[in-house]
Structure formats: structure tokens, C-alpha cells
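Below are the chains, spelled out letter by letter.
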6 protein chains.
Amino acid sequence: MPTVTPVEYEDASPEVREVYDDFHRLRGDTDIPEYWKAIAHHPQSLKRAWTQFRDVMQPGALDTLTKEMIYLAVSATNRCDFCVEAHTNLARKLGMTEQMLGELMEVVALANGLNAYGVGYQVRPSDLARTSKK
Amino acid sequence: MPTVTPVEYEDASPEVREVYDDFHRLRGDTDIPEYWKAIAHHPQSLKRAWTQFRDVMQPGALDTLTKEMIYLAVSATNRCDFCVEAHTNLARKLGMTEQMLGELMEVVALANGLNAYGVGYQVRPSDLARTSKK
Amino acid sequence: MPTVTPVEYEDASPEVREVYDDFHRLRGDTDIPEYWKAIAHHPQSLKRAWTQFRDVMQPGALDTLTKEMIYLAVSATNRCDFCVEAHTNLARKLGMTEQMLGELMEVVALANGLNAYGVGYQVRPSDLARTSKK
Amino acid sequence: MPTVTPVEYEDASPEVREVYDDFHRLRGDTDIPEYWKAIAHHPQSLKRAWTQFRDVMQPGALDTLTKEMIYLAVSATNRCDFCVEAHTNLARKLGMTEQMLGELMEVVALANGLNAYGVGYQVRPSDLARTSKK
Amino acid sequence: MPTVTPVEYEDASPEVREVYDDFHRLRGDTDIPEYWKAIAHHPQSLKRAWTQFRDVMQPGALDTLTKEMIYLAVSATNRCDFCVEAHTNLARKLGMTEQMLGELMEVVALANGLNAYGVGYQVRPSDLARTSKK
Amino acid sequence: MPTVTPVEYEDASPEVREVYDDFHRLRGDTDIPEYWKAIAHHPQSLKRAWTQFRDVMQPGALDTLTKEMIYLAVSATNRCDFCVEAHTNLARKLGMTEQMLGELMEVVALANGLNAYGVGYQVRPSDLARTSKK
């Protein structure tokens, strides 16, 4: 169970309901995930977090699916169980195939592994300039 | 300076040179980054890491630029300075514009921020099912 | 279940019982959390960890509630489920209101998000000096 | 150097100048840190990040100094060099003494250390209920 | 439940079965853990990950038990619940006693705690040279 | 530069000097690293951190070199630059060869990479029991 009391629609203040309604408009008539209902215990957080999420994830130079896959990669790296589950679902709804997910996780595993060499051997950014010719 | 002695091409064993030559074939006649020269102090690591990197980053269901951007997102989340610098450069060479980088970093910042709520309020994966209708 | 066998009071060595008794003295007659009973499988760890915890969390220039909230912020950033739950409870017992928790988590989410820009764009500490006047 | 070109005041678009002016109003006539000038290469990021930072850090149930110390604790846990330096400075300007910083870092080190036991021994949140009486 | 469908032996392609058979050869006639069956949904990942795991964990200058304990230390630091459980079991099978596990976790907790001071006070690698004589 | 003023031996209080003297006794007549001189600005931290470090790193069921290598693995995973440099040096003084360092970092990179699959596919600890026979 979350550590705060989730706010249900029927008990929500007008400020919270406004966000919930916006969520429904965007996602169709699906339910409000527990994640947002937990954040809603502090209405300003809900409004700020939802507005930021909605605006940042809009298509721009990157389409929404690419953004969702980046979000999922960050969540897996951050070891956030809930976030991984939620954003795997969201990316699939936007068209991520099992093959795409497989390649995405290979890059995530690769980067997490190879990042460790960079730090483990203390390769510094300024070292980029010092390179050896064949 | 790295904590191990970087292996220069002229001092490299045939096993290491084979990887360096493969690197040159793939990237054109550029220099070997310090990162790979540091890993080369343990030749098996170099061979394994380079082969994995080369194979995983090939285009598949995801193109190489998308993979590089995912790699960069993981590196920024992992706070790996060298990795961020190197993969920002690589992604740019593959066509990432400043607008794309800007949107990529917004998603990285968003996900790092919103992941924290998920853990901070202990929203569990199994909670996904328990949702409230309007 | 923990990966080690938790040590119950009745099975505990005198060294472990001494810590458990100290815990009871400090917290009133509550139960020993599983966390400490797991660490107790290695009595030196229990003694060191408990003594450090008890001494560091004493009021000083910062009061214990502020310290508990800092502890909670670190635990949420570290994605430690058990730690988040335990220290949310402890902070509430010390007087943290729901409004305070809401603001605390907003700062945690903000910092996790904005930290990512610092690394993602490679802003270095030494860059602080190079600033632009209006 | 940052991986993006920092935006100086004289080259900034009206949208970016508006944020820079707001920064000056809030902090007095100090310079714009490189951090914000780097984010400014993507003006929407700057506006969103600055607005969120300014609003979240306002005094509420927690005062601004407590919020800054929480921010610093998160930044140290996230190993973000720039962020640690910047927020140590900001907290000092708000009244954090060396004694307070010392106690803050002791809690940060304590929590990072003791969090590791929680995960390392797999103490689960649901384990909290199963406790032993003396 | 995993976010992908685990691949059972009887439904597996020849490429996946080859890895499963290799796993059985190495570990005796034990079952395939869910971890590998999840990765198997993307057969190239399974082959790459398993081959890397098998080869890296072979005894060399470090014996396999030491390698397993290092693997466990990394997993605890990364807050990976599944990984901690699996590699605690593997290390025990290789001879890790409860006393060794206790000392291992003390080092993990110590390092996680003391690392935080290094970042929190911004002690830089180059600072190593600047030291004071008695 | 560190964010606090390092405490030199000649300016140190008797409480701090006692730790510095203990350091000299243990390590021979080498200098005090900046790390400890930074922590010394808060003498209780210095005493607690040094005592814990000294006691935990003593040989027991694990020898000191194995403990140092575990410490290094944690530091590389935590992306702590100073810590990686310092503990690479310490482990070398205790007998770690370049081959051992190479194998250590391969395990660190492997574990960081494979941990990501565990979270990325949401393999849960309780899943360990559900395995498939050949």
C-alpha cells in the first residue's frame, strides 16, 4: 500500500478533479492509476507533475513513442518497479513491439554495463581529446 | 588520468589490434578513444565490450540514432560524465539536432523526477490493478 | 523473506540482546523491526549500525525530525522500499504532517529531475565561476 | 565545458530573458549560473525547470532552508558534483552553519549506508508487520 | 509477473534451447530461473547475456566465489531485489558462510556510506595529491 | 576544491589529531588524504567514519584485499570518482594485480548490465520459485 491515502475521484477537491478530468480526456475513459491518486494527497504536486508530464511527452522533434521508450530506459536504470511496469504498458499502447522492447532493454543493459567501465577506470571527459592514431 | 595504463596501438597485442582495426573500419579513420584504450589493459574485456557494443547498436527494430539516444538517457541517469560526453557526440553525428537533444533531456529530467514520487510514496506494481472509475 | 534468518529476542546472544534492550528503551515497548533482526545475524553489524543510527539521529544543530526527513529523502532517492516505509512512519511519529510530507516529496522529485540536467548537459563545478552579467 | 552552448543574456530570446530577469529579481543582481544558461538552449526546458524550482522552493510547511538541505541531501546521494556545490552555497546563504552541514552529511552517509542493509538482506516493506516482542 | 512472457523449454526455439541446455550442463539438472526465461523473449539478448555471464564468472585471477560476492555487492548497491536474492543463493552454493555474508554486507554498507561523504564534500580525485604531513 | 575547509594536522583539535595519529600508525608515515581532512571539519563524523572504516576493513572471514575489492566494486557502481581512485590504489598496495583489477571490473560491468534486465523485465524475487524443468 502507498504511504499516503490515495485520493478517489468522489472525494477529490475541484483542483484535483480538474487534473483527473484532464487525464480522462487524454487517455480516454480509463481509470486513474494509483500513482496519480497518491500524488494527489498534495494537490499542488499533482497539478505540477501532471502538467509537466503531459506537456513534455507531447510529440515534437521526438515522437511520443520514442519519448516513452526513453522514459522506460530511465525507469529501468533507476530500478523503479512501478514506473517500469506503467511505462512498458504505455509504450506498448503507442506501438512498441516485443522486438522493439527487446532491443531497448539490450541497449539499457549495454549502457549500464559499459558506463561502469568508464567510472571504474576513471576515464575523464577531458581524456576524449587525448587519442591515439593508428 | 585513468587508473590503468591505456594501451596505444603501437604497443598493442594482436588481439587488441584486431579490435582497434575493427573500430577504425566502423568509424572511419578516427582515433581510438581513451575509454577503449583503458579497457584494453585487460584484452578479454575489450573484445567482449566492443563486440557487444558493436552488435547491440546495429540498426534493427530500432534505428541506431534511437539506440544512441537511449544510451545517452541511461548515461545521464547514471551520472557518468565521460559516457554523457561521448554519446552526446555520437548521437549528434547520427543526426540528433539540438531540438531533439533538448526534448531528450526534458524526458530524462521528467522521468528522474517522477520516478521519485513512485518510490517516495511506495506505489507498488500490483497497485496498477486497483484504480478508480470516474 | 529476508535472505538471512532474523534473530528473535529469545534466541539472541547477550550482545544482540543488549542492542534490542537499548532499542526498547529508546522507542518505548514496541517490537524490534525485521530490519534490525536481519542485521543481527552478524552481531558486530547490528551493534555498529544501531549505535551509529542512535547517535547520528540525536538532536543537535538539526532536530531529529529534520534529520528523519533528510533520511527519508535519501531513501526515496535510493529506491529503498523498506527504508521509505519505515522512515515515513518514524517521521510521522516525530510530527511530520501530510503537508510537510507533500512538500518534502516535491523537493525530492524536483532535485532528482533537475540533477539530471546538470549531468545531462555536463555542467561542471568549475563552471560556477564563469557566469554572465545582465 | 557543457555539451550545449550556454545562452548569454545578450543573445537570449525574449522568452529566455524573461526567466533570466525573474532570476535576477529573486536572487538580487547576481550572475546567471552556467546551469541555467545550458538549459536555456531549449527555452521550454528553462521555463519549466525554473518555474518548478522557484515555486517548489518557496516557504510552506517547510521553510526554504530545510528544503535546500533536502535538495543537497538528494544531490549528494545522486553523485551530482555541480548540484552539490551549488546547493551547498545556496543553503549557506540561507543560514546553514558548518555544524548543520556536518550533521546533514552524517545523516546522508548514515542513510546511504543503512539503506544498503535493507536491500542487501532483502527486508521487505511487508516485513514491518512481522515483529517480535520482548 | 514479468512484463514479458517467459519462454518455457517446451516452447523454445532451437537457439534458446541451446542456451537452456548449456545452463543445465553447467548448473546440474536444476530449473531455468525466471530471469533467463524472461530475457529469452528476445533470443539474441539471452545468448549474449548468458555467454557473457558464463565466461566472465569463470575462475581466473579471481575465483568464482570472490566474483559472486562482488556481483552481490554490486546488486545490493543497485537495489536490485531479484539479483540480490539470486546471487546470495549462488554465493552460498559456492561456499559463502553466514559470517562471510555478514562481513560482505558490512563492507557494502560502509562503502555506500563513506562514498556519500566523498561526493557530499566534493573531494576530487586530483585532491589526492594535495596532502598534509604530520 | 572541497566545499568545506580541510583540517590540517597543525590546526587540528586533540580529538581530530587522535584520529590522524591512528591513521599514521595504521598506514605508516603517509599523508592524511584530503577526504579525511574534509570530514574532519565535523570531528564527530571523522571519528565515527574512521573507526567504522578501520574496524570493518580488518581481516576476518574475508581478508582485507577481498574487502578492498568489494569496496572498489561498490564505489564504481556508485560513480564516486574520488572513491574509485583511492580504493584502486589501496587494493593495489594490498596485492591486487592488473589481471585481478581487469577481472573485477568485468564482474562490475557484467552485474551492472545484467541487473538492468532484472528490473527492466520486472523479474520478482518470488518468481525464483516458479521455474521450468527440462
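None of these values were measured; they are calculated from a predicted model.

## Description of the overall build of chain A
And step 1. Each helix and strand in chain A was counted, giving six helices and zero strands.
And step 2. When the helices and strands of chain A are read in sequence order from the N terminus, they spell out α-α-α-α-α-α.
And step 3. The C-alpha radius of gyration computed for chain A amounts to 19 Å, which surpasses the reference 14 Å derived for 134 residues by more than 25%, pointing to a less compact arrangement than a globule.
And step 4. Counting only C-alpha atoms, chain A reaches 70 × 30 × 30 Å along its principal axes.
And step 5. Of all intrachain contacts in chain A linking residues separated by at least 6 positions in sequence, the fraction that spans at least 24 positions is 59%.

## Quick word on the relation of the copies chain D and chain C
And step 1. Here chain D sits on chain C after a turn of 180° about the axis and a move of 0.0 Å along it, with an RMSD of 0.0 Å. Seen this way, the second copy is the image of the first under a two-fold rotation axis.
And step 2. A share of 100% of interface residues in chain D that are also interface residues in chain C marks the association as one of identical surfaces.

## Regarding the relation of the copies chain A and chain E
And step 1. Least-squares fitting of chain A to chain E yields an RMSD of 0.0 Å, with the transformation described by 0.0 Å of translation along the axis and a rotation of 120°. When the rotation and shift are considered jointly, the pair of chain copies conforms to a three-fold rotation axis. Minimal C-alpha distance to the rotation axis in chain A is attained by Arg79(A), lying at 4.0 Å.
And step 2. An overlap of only 10% is found between the interface residues of chain A and their copies at the interface of chain E, pointing to separate contact surfaces.

## Quick look at the interface of chain A and chain E
And step 1. Between chain A and chain E, the contact holds 10 residues from the first and nine residues from the second.
And step 2. Those elements that place two or more of their residues in the side of chain A that touches chain E are α5 (81-93) and α6 (98-120) of chain A.
And step 3. Per-element accounting of the side of chain A that touches chain E gives the leading share, five residues, to α6(A).
And step 4. Partitioning the side of chain A that touches chain E into residue classes produces three nonpolar, three polar and four charged.

## Side note on the interface of chain D and chain C
And step 1. Across the contact, 65 residues belong to chain D and 65 residues belong to chain C.
And step 2. Those elements that provide at least two residues to the side of chain D that touches chain C are α2 (34-39), α3 (43-56), α4 (64-77), α5 (81-93) and α6 (98-120) of chain D.
And step 3. Here the residues of the side of chain D that touches chain C are counted per class, giving 35 nonpolar, 16 polar and 14 charged.

## Section: helix α1 (residues 14-27) of chain A
Residues and elements named next belong to chain A.
And step 1. Here α1 contains 14 residues, and its C-alpha end-to-end distance of 20 Å stays within 8% of the 20 Å for a straight helix at 1.5 Å per residue.
And step 2. Considered for burial, the residues of α1 that qualify are Val-16, Val-19, Tyr-20 and Phe-23. On an axial view of α1, the arc spanned by its buried residues comes to 100°, and they lie on one face. Turned more than 90 degrees off the buried face of α1, the exposed positions are Pro-14, Glu-15 and Arg-25.
And step 3. On its buried face, α1 is in contact with α2 (34-39) and α3 (43-56).
And step 4. Among the residues trailing α1, Gly-28 stands out with phi positive, at a value near 80°.

## Quick notes on the environment of Ala111(B)
And step 1. One can find Ala111(B) in helix α6 (residues 98-120).
And step 2. For Ala111(B), a count of 30 C-beta atoms within 10 Å translates into the label buried.
And step 3. On a C-alpha basis, the gap between Ala111(B) and Thr77(B) in space is 9.5 Å, while along the polypeptide they are 34 residues apart.
And step 4. Once residues within four sequence positions are removed from consideration, Ala111(B) is found in contact with Tyr71(A), Val74(A) and Ser75(A).

## Overview of the packing of helix α6 (residues 98-120) of chain E against helix α4 (residues 64-77) of chain F
And step 1. α4(F) packs onto α6(E) with a crossing angle of 45° between their chain directions and a minimal axis gap of 9 Å. By the angle between their axes, α6(E) is oblique relative to α4(F). Like other packed secondary-structure pairs, α6(E) and α4(F) cross with a definite hand, here right-handed. Between α6(E) and α4(F), the contacting residues are Leu104(E), Val107(E), Val108(E), Ala111(E), Asn112(E) and Asn115(E) on the first element and Lys67(F), Ile70(F), Tyr71(F), Val74(F) and Ser75(F) on the second.
And step 2. The class makeup of the residues in the contact of α6(E) with α4(F) is seven nonpolar, three polar and one charged.

## Digging into the environment of Val16(D)
And step 1. Among the secondary structure elements, Val16(D) is positioned in helix α1 (residues 14-27).
And step 2. Apart from residues no more than four positions distant in its own chain, Val16(D) is found in contact with Val7(D), Ala40(D), Pro43(D) and Leu46(D).

## Digging into the environment of Tyr117(C)
And step 1. Relative to the assigned elements, Tyr117(C) resides in helix α6 (residues 98-120).
And step 2. By the C-beta count within 10 Å, which is 26 here, Tyr117(C) ends up buried.
And step 3. Every residue in contact with Tyr117(C), bar those within four places of it in the chain, is listed here: Met105(B), Ala109(B), Ile39(D) and Ala49(D).

## Here we look at unusual backbone geometry
And step 1. Even without being a glycine, Arg79(D) presents a positive backbone phi close to 55°.
And step 2. Looking at the element boundaries, Arg79(D) is found in the loop between α4 and α5.
And step 3. A positive phi angle is found at Gln122(E), which is not glycine, with a value near 55°.
And step 4. Mapped onto the elements, Gln122(E) comes out in the segment after α6.

## Quick word on helix α3 (residues 43-56) of chain E
Helical geometry: 3.6 residues make up each α-helical turn, so side chains three or four residues apart lie on a common side.
And step 1. The first and last C-alpha atoms of α3(E) sit 20 Å apart over 14 residues, in line with the 20 Å expected at 1.5 Å per residue.
And step 2. Listed as buried for α3(E) are Ser45(E), Leu46(E), Arg48(E), Ala49(E), Trp50(E), Gln52(E) and Val56(E).
And step 3. Buried residues belonging to α3(E) abut α6 of chain A, α3 (43-56) of chain B, α1 (14-27) and α2 (34-39) of chain E together with α6 (98-120) of chain F.

## Some points on the confidence of the model for chain A
And step 1. When pLDDT is averaged along chain A, the result is 92; 93% of the residues meet or exceed 70.
And step 2. Scored below 50 in pLDDT, residues 127-134 of chain A shows 18 contacts in the model against residues more than four places distant or in partner chains.

Calculation notes
The residue numbering used here restarts from 1 in each chain and proceeds along that chain's sequence as written. As they are written, the chains are lettered A onward and the ligands numbered 1 onward, keeping that order. Only residues with pLDDT of at least 70 are given local features in this predicted model, and only at 80 or more are side-chain atom pairs given and counted; all residues enter the totals for whole chains, interfaces and linings. Numbering of helices and strands runs from the N terminus, with a helix taken as a DSSP run of H or I at least four residues long and a strand as a DSSP run of E at least two residues long. The quantity called the radius of gyration is restricted to C-alpha atoms. Its globule counterpart is 2.2 Å times the number of residues to the power 0.38. Once C-beta atoms are placed from the backbone, any two residues with those atoms within 7 Å are in contact. Least squares is the method for superposing the copies, and the C-alpha atoms it fits come from residues with pLDDT of at least 70 in both. Residues were grouped as follows: Ala, Val, Leu, Ile, Met, Phe, Trp, Tyr, Cys and Pro as nonpolar; Asp, Glu, Lys and Arg as charged; and all remaining residues, including Gly, as polar. Every helix has an expected span of 1.5 Å times one less than the residues it contains. Any residue surrounded by 20 or more other C-beta atoms within 10 Å of its C-beta is treated as buried, while 12 or fewer makes it exposed and the intermediate range makes it partly exposed; C-beta atoms here are placed from the backbone. The directions from the helix axis to the C-beta atoms are what the arc is built from. Angles shown run from 0 to 180 degrees and are taken between the N-to-C directions of axes, each axis being a line fitted to C-alpha atoms and, for helices, limited to the stretch in contact. We call two directions roughly parallel when the angle between them is under 35 degrees, roughly antiparallel when it is over 145, roughly perpendicular when it lies between 65 and 115, and oblique otherwise. Should the near helix be turned counterclockwise from the far one by less than a right angle, the crossing is left-handed, whereas a clockwise turn marks it as right-handed. Every residue gets a pLDDT, meaning the predictor's confidence in that residue, from 0 to 100.

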